[in-house]
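Below, each chain spelled out in residue letters.
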Amino acid sequence: MAGSRRVLITGVSRFWGGQLARRLEQHPSIERIVAVDTSAPRVDLERTDFIRADIRHSLIGKLLRAVEIDTVVHAGLIVDPKRAGARVVHETNVIGTMNLIAACSAADSPVRKLVVKSSTAVYGSEPNDPAMWSETMRRRTPARDTFTRDLDEVEEYVADFRVRNPEAVTTLLRFANVLGPAHDTPFARLFDLPAVPTVFGFDPLLQFLNEEDAVAV
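Computed from a predicted structure; not experimentally measured.

Caption draft 1: Summary view of unusual backbone geometry. The phi dihedral of Glu 68 falls on the positive side, at around 60°, and the residue is not glycine. Structurally, Glu 68 can be placed in the loop between helix H2 (59–67) and strand E4 (71–74).

Right under this line is the structure:
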């Protein structure tokens, strides 16, 4: 975060946004932290300014200018489609991201860094897919579900921001499945079962990321 002084975080009521705000509060070089969400944070924050707002509305652009935000961390994407209905997931991920990036791209926007938390779900999981993926590889077939199609659209907005704002630093984080004692995930619930079911005769490759490493990134 070198050179970053004023940071805006979306999705602070969820695990990622809340933990990131707590981590940034420990950095004296960060002058101000503004957290935006429709619900209050679930963790205690000492010097983070919480603003109850919806990034799907035009208010976000005014906020960026008023507070002179130079870094936006979009941690509000829903990457577990079971957490909400399809409409809520679509509006949060697609409409919210579109509006946020439009605000970051405005001619009078002070934003110089954009960080977006995405998911390795964009790569897909077809039977003939390679075991290992690089960041430059693309999925061979169209997404089968609306959730993955929404993530594709989100990443298109990020790519467009990068092209239109070459002077800005744009970072896209595709997290694998995250495990840790604090974060509730489908795999964490699976491994907490007294007996973990598996598919007989099939040994799939699974990749996991420690929750502390994810927040540190």
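Caption draft 2: Structural detail: helix H4 (residues 146–164). In this model, H4 (19 residues) spans 27 Å end to end at C-alpha, consistent with the 27 Å of a helix rising 1.5 Å per residue. The inward-facing, buried residues of H4 abut helix H3 (86–105), strand E5 (113–119) and strand E6 (169–175). Its side-chain oxygen placed 3.2 Å from the backbone nitrogen of Phe 147, Asp 145 serves as the N-cap of H4.

Caption draft 3: Representation of the sheet that holds strand E2 (residues 32–37) within the structure. Within the open sheet, the 6 strands sit side by side as E3-E2-E1-E4-E5-E6. Their pairing is parallel. The open sheet has two edge strands with one neighbour each: strand E3 (48–52) and E6. Looking at each pair of strands side by side, their axes are set apart by 15° on average, direction ignored. Bridge count between E4 and E5: 4 bridges; the pairing is parallel. In the strand pairing of E5, Val 72 is matched with Leu 114. Together, strand E1 (6–10), E2, E3, E4 and E5 form the strand contacts of helix H1 (residues 15–25), whose direction differs from that of E1 by roughly 160°. Sitting on the sheet, H3 is in contact with E1, E4 and E5, with an inclination near 170° to E4.

Caption draft 4: Representation of the packing of H2 against H3. Remark: H2 packs on H3, axes separated minimally by 9 Å, with the N-to-C direction vectors making an angle of 35°. Between H2 and H3 the crossing geometry is right-handed. Every residue of H3 that contacts H2 at Ile 60, Gly 61 and Leu 64 is listed here: Asn 99, Leu 100, Ala 103 and Cys 104. Residue composition of the contact of H2 with H3, grouped by class: 5 nonpolar, 2 polar and no charged.

Reading the values: rules and limits
Residues numbered from 1 in each chain as written. Predicted model: local features only at pLDDT ≥ 70, side-chain atom pairs only at ≥ 80, totals over all residues. Heavy atoms only, no water. Helix = DSSP H or I, 4+ residues; strand = E, 2+ residues; numbered from the N terminus. Expected span 1.5 Å × (residues − 1). Contact = heavy atoms within 4.5 Å. Polar contact = N/O pair within 3.5 Å; in protein donor to acceptor, adjacent residues only side chain to side chain. Pairing = 2+ DSSP bridges. Axes fitted to C-alpha atoms, helices over the stretch in contact; angles between N-to-C directions. Left-handed = near helix turned anticlockwise from the far one by under 90°. Nonpolar A, V, L, I, M, F, W, Y, C, P; charged D, E, K, R; others polar.

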